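Structural characterization, general
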Amino acid sequence: MSTTLLLARHGQTVWHAENRYAGVSDVALTDTGRAQAEALGRWAAAHPVDAIWTSPVSRAVITAEPACRALGLTPFHEPDLRECDFGVVEGRTLAEFASEDPKAAEAFRADPVNHPFPGAEDPKTAAARGATALHRIAAAHDGERVLVVAHNTLLRLVLCELLSIPLRDYRRVFPQLRNAAVSELRTHRRSVGLISLNVPCETDVP
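First, a word on scope: everything that follows refers to the structure included in this document.

Looking at the largest pocket, its volume works out to about 480 Å³. Looking at the largest pocket, it is lined by 30 residues, and the ones nearest its centre are Tyr 21, Phe 86, Asn 152, Thr 153 and Arg 156. Tallying contributions element by element places helix α6 (residues 152-163) first for the lining of the largest pocket, with four residues. A class-by-class count of the residues in the lining of the largest pocket yields 15 nonpolar, seven polar and eight charged.

As structure tokens, then:
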């Protein structure tokens with residue numbers, strides 16, 4: 001049997017407007033982010049799922065709460081779904097980093113996997129842990145529909161890993177996963193197919 005994984009990025013955070021890197025930092029949702037979480041909850045109520053898994057980071061846990069409430073489900077927390085650690089760029093923008101170290105910033109733009117930010121988690125390691133976590137979740141919910149709430153960079157790396165796309169292209173192929181939008185994967189054993197990407201829960205929520 002196949003398992004459907006419904007991947008959602010957490011709601012907008014207070015660092016979103018300036019596009020600051022939020023990896024290991026515990027950054028709060030904005031009012032818009034909380035509204036996006038409520039929209040995801042309404043979507044889940046209309047498209048019932050059998051289980052909900054989240055990153056243990058609070059912005060993901062809080063984003064999943066309305067869906068859990070709507071469906072009467074207790075979420076599972078998976079540490080390997082946490083966001084990447086962005087090293088020296090944590091809490092900063094790429095433009096700020098580029099003004100300090102333009103050569104390193106240009107190398108990152110050209111190949112973010114082989115030239116990650118100084119002190120950052122190896123993107124290959126992040127992709128492997130995230131993909132392994134999704135395979136475990138799919139195996140635990142054979143034939144079911146599972147909502148997974150996690151993070152932008154981690155999920156983009158994982159999508160490349162699962163779909164046999166070169167990791168170095170994750171920023172180009174998947175420029176952004178929108179906050180609280182849903183991307184659907186269909187899995188069967190170790191085979192994975194992308195059914196939809198960045199489907200908004202409600203068109204009137206930013």
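What follows deals with the side chain of Thr 3. Relative to the elements of secondary structure, Thr 3 occurs in strand β1 (residues 3-9). Residue classification places Thr 3 among the buried positions, given a relative accessible area of 1%. From its side chain, Thr 3 meets the backbone oxygen of Ala 138 in a polar contact 3.2 Å long. A distance of 3.3 Å separates a polar side-chain atom of Thr 3 from the backbone nitrogen of Gly 143. The contact partners of Thr 3, leaving out residues within four places of it in the chain, are Ala 138, His 141, Asp 142, Gly 143, Glu 144, Val 146, Leu 185, Arg 186 and Thr 187.

Positioned with a positive phi, Arg 189 is a non-glycine residue whose angle comes to about 55°. One can find Arg 189 in the loop between β5 (182-188) and β6 (191-199). With a phi angle near 60°, Asn 198 is a residue other than glycine that sits in the positive phi range. By the secondary structure assignment, Asn 198 is in strand β6. The class of Asn 198 is buried, set by a relative accessible area of 11%.

Moving on: the pairing of strand β4 (residues 145-150). By the criterion of burial, β4 is predominantly enclosed, with five of the six residues buried. Across six bridges, β1 lies against β4 in parallel orientation. In the strand pairing of β4, Arg 9 is matched with Ala 150. Sheet topology note: the strand β2 (residues 51-54)/β4 ladder contains four bridges and is parallel. Bridge pairing in β4 links Ile 52 to Leu 147.

Across the sheet, which stays open at both edges, the six strands sit in the order β3-β2-β4-β1-β5-β6 with mixed pairing between neighbours. Where the open sheet ends on each side, the last strands, each with one partner, are β3 (76-77) and β6. The sheet contacts of helix α1 (residues 31-46) involve β1, β4 and β5, and relative to β4 the element is tilted by about 170°. In this fold helix α5 (residues 123-140) packs onto β1, β2, β4, β5 and β6, with an angle of close to 135° to the strand it touches most, β1.

Checked against the element boundaries, Gly 91 lands in the loop between β3 and α3 (94-100). Gly 91 gets classed as buried once you look at its relative accessible area, which sits at 18%. Here the alpha-carbon distance between Gly 91 and Ala 22, two residues 69 residues apart in the chain, equals 5.8 Å. Excluding its chain neighbours within four sequence positions, the residues that come into contact with Gly 91 are Trp 15, Arg 20 and Tyr 21.

The rules we used
- Residues numbered from 1 in each chain as written.
- Predicted model: local features only at pLDDT ≥ 70, side-chain atom pairs only at ≥ 80, totals over all residues.
- Heavy atoms only, no water.
- 1 Å grid on protein atoms, 1.4 Å probe; cavity = no way out; pocket = protein on both sides within 12 Å on 5 of 7 lines; lining within 4 Å.
- Points joined across faces, edges and corners; volume = space filled by probe spheres on them.
- Helix = DSSP H or I, 4+ residues; strand = E, 2+ residues; numbered from the N terminus.
- Nonpolar A, V, L, I, M, F, W, Y, C, P; charged D, E, K, R; others polar.
- Buried < 20%, exposed > 50% of the residue type's maximum accessible area, 1.4 Å probe, protein only.
- Polar contact = N/O pair within 3.5 Å; in protein donor to acceptor, adjacent residues only side chain to side chain.
- Contact = heavy atoms within 4.5 Å.
- Pairing = 2+ DSSP bridges.
- Axes fitted to C-alpha atoms, helices over the stretch in contact; angles between N-to-C directions.

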